[in-house]
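One letter stands for each residue in the lines below.
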Amino acid sequence: MLLRHTPKEITERKALVINPAKTCQPIGAMYAALGIHGCLPHSHGAQGCCAYHRSALTRHYKEPISASTSSFTEGASVFGGHSNLLQAINNIFTVYEPEVIAIHTTCLSETIGDDLKQIRTKAQKEGKIPAGKYVFGASTPSYVGSHVTGFSNMVKAMTEFAESTGKKNGKVNIIPGWVEPADMEEIKRMAKLTGVKSILFPDTSGVLNTPLTGEYKMFPDGGTTVAELKSTGDSVGTLALGEWCSADAAIELDKKNKVPCKVLDMPFGLKATDRFVDALRKIAGVTVSDELALERGQLVDMISDMHEYFYHKKVALVGDPDQLIAMTEFLVSIDICPVHIITGTPGKKFEKRIREITRDMPFEVNVKAKGDMFLLHQWIKNDPVDLLMGNTYCKYIARDEDVPLVRWGFPILDRQGHQYFPTVGYKGGLRLLEKILAALLDRKDRDDPEIKFELIL
Amino acid sequence: MATMTKKKLVQWDPADVKAELLSKYPPKVARKRAKQIMINEALENETPEITANVRTTPGIITMRGCTYAGCKGVIMGPTRDFVNIVHGPIGCSFYAWLTRRNQTDPGSDGENYMPYCFSTDMQDSDIIFGGEKKLTQAIQEAYDQFHPKSISIFATCPVGLIGDDIHTVAKNMKEKFGDCNVFAFSCEGYKGVSQSAGHHIANNQIFRHVVGENNEEKPGKYKINLLGEYNIGGDGFEINRIFKKCGITNIATFSGNSTYDQFASCHTADLNVVMCHRSINYVADMLETKYGIPWIKINFIGSEATAKSLRKIAEYFGDKEFIDRVEAVITEEMPAVEAAREEILPRTEGKTAMLFVGGSRAHHYQELFKEMGMKIISAGYEFAHRDDYEGRQVLPHLKLDADSRNIEELKVTADETLYNPRKSPEEMKAMQEAGVKFKHYEGMAPDMDQGTLVIDDLNQYEAEKLVELLKPDLFCAGIKEKYSIQKLGVPMKQLHSYDSGGPYAGFKGAINFYHEIDRLVNSKVWSYMKAPWQENPQLSAAYVWE
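Conventions used here
Residues numbered from 1 in each chain as written. Chains lettered and ligands numbered in written order. Predicted model: local features only at pLDDT ≥ 70, side-chain atom pairs only at ≥ 80, totals over all residues. Heavy atoms only, no water. Helix = DSSP H or I, 4+ residues; strand = E, 2+ residues; numbered from the N terminus. Rg over C-alpha atoms; globule rule 2.2 N^0.38 Å. Buried < 20%, exposed > 50% of the residue type's maximum accessible area, 1.4 Å probe, protein only. Contact = heavy atoms within 4.5 Å. Areas by Shrake-Rupley, 256 points an atom, 1.4 Å probe, with all protein chains shown as cover. Lys, Arg positive; Asp, Glu negative; His and termini not counted. Charge placed at Lys NZ, Arg CZ, Asp CG, Glu CD. Salt bridge = Lys/Arg side-chain N within 4 Å of Asp/Glu carboxyl O. Pairing = 2+ DSSP bridges. Axes fitted to C-alpha atoms, helices over the stretch in contact; angles between N-to-C directions. Domains from an automatic or database assignment. Buried area = accessible area lost by both parts, 1.4 Å probe. Polar contact = N/O pair within 3.5 Å; in protein donor to acceptor, adjacent residues only side chain to side chain. Nonpolar A, V, L, I, M, F, W, Y, C, P; charged D, E, K, R; others polar. Expected span 1.5 Å × (residues − 1). Patch = residues over 30% accessible without salt bridge, like charges linked within 9 Å, V, L, I, M, F, W, Y side chains within 5 Å. Phe/Tyr/Trp six-rings, centres within 6.5 Å; stacked < 30°, edge-to-face > 60°. Lys NZ or Arg CZ within 6 Å of the ring centre and 35° of its normal.

**Q** What is the right way to look at the overall build of chain B in this model?
**A** In terms of helices and strands, chain B carries 23 helices and 14 strands. Here the C-alpha radius of gyration of chain B, 24 Å, is about what a compact globule of 546 residues would show, namely 24 Å. With the C-alpha coordinates of chain B rotated into their principal frame, the extents come out at 85 × 65 × 45 Å. Out of the 546 residues belonging to chain B, those deemed buried represent 64%. Long-range pairs, those at least 24 residues apart, make up 76% of the contacts in chain B with a sequence separation of at least 6. In the form shown here, chain B has an accessible surface area of approximately 20,900 Å², with 52% of it arising from carbon and sulfur atoms. Charge-centre separation for chain B: the mean point of 64 positive side chains lies 3 Å from the mean point of 74 negative side chains.

**Q** Can you help me understand unusual backbone geometry in this one?
**A** Residues other than glycine predominantly adopt negative phi, and peptide bonds predominantly adopt the trans conformation. Residue Phe254 of chain B is joined to Ser255 of chain B through a cis peptide bond whose omega torsion reads 0°. For Ser255 of chain B, the location among the structural elements is in strand 7 (residues 248-255). The backbone phi angle of His312 of chain A is positive, close to 60°, even though this residue is not glycine. Mapping His312 of chain A onto the fold places it in the loop between helix 12 (290-310) and strand 10 (314-319). With a phi angle near 40°, Lys471 of chain B is a residue other than glycine that sits in the positive phi range. Mapped onto the elements, Lys471 of chain B comes out in the loop between helix 20 (460-470) and strand 13 (474-477). Classification of Lys471 of chain B as partly exposed rests on a relative accessible area of 36%.

**Q** Just checking my understanding: could you explain the pattern of salt bridges for this structure?
**A** Side chains that carry opposite charge are capable of pairing whenever their charged atoms lie near each other. Residue and element names in this part refer to chain A. Applying the stated rule across the entire model yields 67 salt bridges over all chains. For Asp278, the salt bridge is made with Arg281, and the minimal N-O distance between the two is 2.7 Å. Here Asp278 and its partner Arg281 are both found in helix 11 (residues 269-284), three residues apart, which amounts to about one turn of the helix. Given a relative accessible area of 29%, Asp278 falls into the partly exposed group.

**Q** What's the story with the sheet that holds strand 10 (residues 352-356) of chain B in this structure? I'm lost.
**A** Paired through backbone hydrogen bonds, the strands of a sheet run either parallel or antiparallel to each other. Residue and element names in this part refer to chain B. Pairing is mixed in the open sheet, where six strands are placed in the order 1-12-11-10-13-14. The open sheet has two free edges, formed respectively by strand 1 (37-39) and strand 14 (492-494), since each of these has just one partner strand. In this sheet, neighbouring strand axes are inclined to one another by 20° on average, regardless of whether the strands run parallel or antiparallel. Of the pairings in the sheet, the one linking strand 13 to strand 14 comprises three bridges and is parallel in character. Looking across to strand 14, one finds that Phe475 is bridged to Met492. Running over the sheet, helix 2 (residues 14-22) touches strand 1 and strand 12 (453-455) and is turned about 170° from strand 1. Helix 22 (residues 506-522) contacts strand 13 and strand 14 of the sheet and is inclined by roughly 150° relative to strand 14.

**Q** How should I be thinking about the domain arrangement of chain A in this particular structure?
**A** Residues and elements named next belong to chain A. Segmentation of chain A into domains returns domain 1 (25-161), domain 2 (172-291) and domain 3 (298-451). Inter-centroid distance (C-alpha atoms) of domain 1 to domain 3 is 34 Å. Between domain 1 and domain 3, the residue contacts involve 11 residues of the former and 13 residues of the latter. Together, the buried faces of domain 1 and domain 3 total about 950 Å²; carbon and sulfur atoms form 60% of this surface. Run the count over domain 1 and domain 3 and you get zero salt bridges. Where domain 1 meets domain 3, there are five residue pairs in polar contact (both at pLDDT 80 or more). Secondary-structure elements contributing two or more residues to the side of domain 1 that touches domain 3 are helix 2 (47-61) and helix 7 (147-158). The leading source of residues in the side of domain 1 that touches domain 3 is helix 2, at four residues. Taken together, the residues of the side of domain 1 that touches domain 3 sort by class into four nonpolar, four polar and three charged.

**Q** What should I look at first to understand the environment of Val148 of chain A in this one?
**A** Residues and elements named next belong to chain A. On the secondary structure map, Val148 appears in helix 7. It is 9.6 Å that separates the C-alpha atoms of Val148 and Ser246, two residues lying 98 residues apart in sequence. Every residue in contact with Val148, bar those within four places of it in the chain, is listed here: Trp244, Cys245, Asp320, Pro321 and Thr345.

**Q** Help me out: how do you make sense of the sheet that holds strand 8 (residues 237-241) of chain A in this one?
**A** Residue and element names in this part refer to chain A. With parallel pairing, four strands are arranged side by side in an open sheet as 7-6-8-9. Pairing within the sheet leaves two strands with one partner each, and these edge strands are strand 7 (198-200) and strand 9 (261-264). Going from strand to strand, the sheet's axes swing by 20° on average, the running direction of each strand aside. Of the pairings in the sheet, the one linking strand 8 to strand 9 comprises four bridges and is parallel in character.

**Q** Please clarify how helix 2 of chain A should be interpreted in this entry.
**A** Quick reminder: α-helices carry 3.6 residues per turn. Residues three or four places apart thus point the same way. Residue and element names in this part refer to chain A. End to end, helix 2 covers 21 Å across 15 residues, agreeing with the expected 21 Å (1.5 Å per residue, within 8%). Counting buried positions over the 15 residues of helix 2 gives 14, a clear majority of the element. Lys62 sits one or two positions beyond helix 2 and adopts a positive phi of about 55°.

**Q** Would you take a moment to explain the environment of Gly417 of chain A for this structure?
**A** Within the secondary structure, Gly417 of chain A is located in the loop between strand 14 (405-407) and helix 17 (425-447). On a C-alpha basis, the gap between Gly417 of chain A and His42 of chain A in space is 28 Å, while along the polypeptide they are 375 residues apart.

**Q** Just to check I follow, could you spell out a nonpolar patch on the surface for this structure?
**A** Together, Leu212 of chain A together with Val525 and Tyr528 of chain B make up an exposed nonpolar region whose accessible area comes to about 260 Å². As for its placement among the helices and strands, Tyr528 of chain B is situated in the loop between helix 22 and helix 23 (532-535). Take Tyr528 of chain B: its relative accessible area is 53%, and that puts it in the exposed class.

**Q** How do you make sense of the packing of aromatic side chains when you look at a structure like this?
**A** How two aromatic rings sit relative to each other is given by the distance of their centres and the angle of their planes. Evaluated as defined, the whole model comprises 45 aromatic pairs over all chains. Through a chain of ring-to-ring contacts, three or more aromatic side chains come together here, namely Phe82, Phe154, Phe183, Phe185, Phe254, Tyr260 and Phe263 of chain B. Cation over ring: Lys314 of chain A sits above Phe363 of chain A, and NZ or CZ is 4.5 Å from the ring centre. Taking NZ or CZ as reference, Lys297 of chain B lies 5.1 Å from the ring centre of Tyr441 of chain B, over its face.

The following block contains the structure:
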């Protein structure tokens, strides 16, 4: 047994988190910033934060993750990190020549109370920011929220670029939330198929799924350009996908640039994708293409083909709120029953949404925001499931409890493909179904006695 | 393949390469970096001076991590029966959760907290009002849930700033429990200049709170401690296999697959063998001063190095029977190693590699590459000190800067009852005259060729430049560097956590490494960088039928 000290009996813990279902804000800010073209994320804190975030993102995306750090030492921690940051800005523009530096804070610089805006003004006055280049930043204290909050804060900070010229650009802003580069590509493709001109931000496609050609581009071809970010202020509207990841930025654009917004669920599964496409169509005033309607029909077809293997199967889910809400809805919609659902990210609304979605399910649901994977494991021990869905850390539970696992979420450290194959939209729905079915049927093939072993399933 | 090899025989002058590496920096950065880039002169113990263990310049994309990473991640990470609670916001504990590939065997006692991650998950209210109460509660909950032998606490950056007294909390809880050793590490990430400070802090606290707690005599004739071996990819398991075969009793490994009791009884061993000089030489020194256990530097990376290290241990104990047994083991193990080496040698000989890793690995692994006929054209450490480059003879000349002064230096004296010099001064002298070197490490530079580049705290920009200019066949560093190097079409091997491979230590490890490097430098994938139409773009737009 790997998690041999996890007992079935659940005792309440108030202070100790065991096997977290979240990490800290700055890594989310770093991932978001990588979705701007020519942007170097900068971690304003001690070296370790940047090293850890780069390592974690590298292991998940299997791509180079460039980011710099203010390299605080004890002195900087006592006297403040402004001189470190000024020095860093100068060195970064001289050596790495990015278009943009996106600074995020850490628990260290937040506790000290460093003021990013003030430091930026000073850098500007001292001529450390070359003409035509940009420095912006977000406050991302690690002791508030989670990696999801950090992602949201950095995306919100991007709205600083938005300009209102008085002339609409006829485009729709889409804020995709923390999804894979392939998902961002898919969202753009769907918008295009719907006949909608869009600005997607952030956009890590073309940044974190780059080809191997013998040439290393520190700043790859992908990413939302600064020109596009500026133009978001002239868009006809904003669709924010996921309340936790994207709503704050959309609301900020509405407040600041009077771009109306609509907050939707992330488009995982049939219904959420339907709502996304429908919203796209309405906001842009277009008719949905036959091609997209065909993809939808194919997804419905596959659901019907596989339904016998899904019906009333119990699933345990762990991940981030936006993803979990959409996934829970998808599973419920295909008659799979998510019975244990955990996120480490705080937010009472999460539990409420999940309870609404699972209201008519034939089983009782365990749901917790600010939960951890130790508790999830204990729930599974008390009420076993047929399938577990979550990040790679789930494999310890999966092995101990002998439950099939579908890897989904962040981080995935032991499998490939998430960078390239989307799970959003109708096409992504097909892939999710394929993975779920494979996990369930591989298990059936393993467990069925020889006399019941079937050629055709 | 022949054309590829030919293309890489680039003529270069190390001084020009150095100048090129520095050319883009602002003048202040260039001056600083110039002192950390050394053109090796390869004179035995007279290597030119290199600057190391100094601050990384802000904004320069370093490979380094922080003090917390060195303390919790490296030293305490692979301790299996401690409940290691990280006091801080969630991230620090999350990132150090199973990411270093330390393998663990729960053994007969079955205690193993390695797959777990414990954190106090500090919130803003804890930062404002202090986190001591939450820490106390977390320790209590860990105790109630697991009843471990020991609970250790790790401070993260904000803990030091808000002034939580983690040591008093730990002391109080230890007294309260009575059967659980609770102690803490002030390993805030901002301390020191790299992971190295964290190693030192970890060593100090383990020495202060655990070493010497169990005086029970352990069975075994040739008792040693293996210091600075972290069982990444199972290295420690392979070394222990060899020890067992030789009749060597390993009392404690610092700290791969280690237990509380191993640390507690390590003072009962008769010899300390030091693998990673950088991370653990402090413990070796303290064990000698307090208990009289001498230490020697060994290296189990490379089959020849392994054989040499075993012979050193045998020589120390001096028993004919033991020496013969060690020789018999070497004789038995080497044919398989030789067979593997002969198989890969034609494909690896003459290839070049660069190593930028650790505080000792960039040195240790040169042994394996030499066995494969490969040439190291540049190497350096991420967090080493000058002695790791130039040898311990520079130690008296090292100047303590402000960053190093902040790291506690334990004052250790001979233990009144337990100090017991394992060898008399005469015996030590005789052994030294016979060539046994105690407390000796000559560093990496003397082992490297003249004109090679020795670079401290290499950064992303310099790494890319080096690869571009010198076109090595292989680059070795860590995960953060892996894919930027590979995008250049050069294979990259992680030597911190070995990608997914290992063990690479000992005899079987050498065989694994030969195969792995053979695979990397001869993989077909590196020839697919260009599509056929990119390789021959000059062809006219007509069909050519051959």
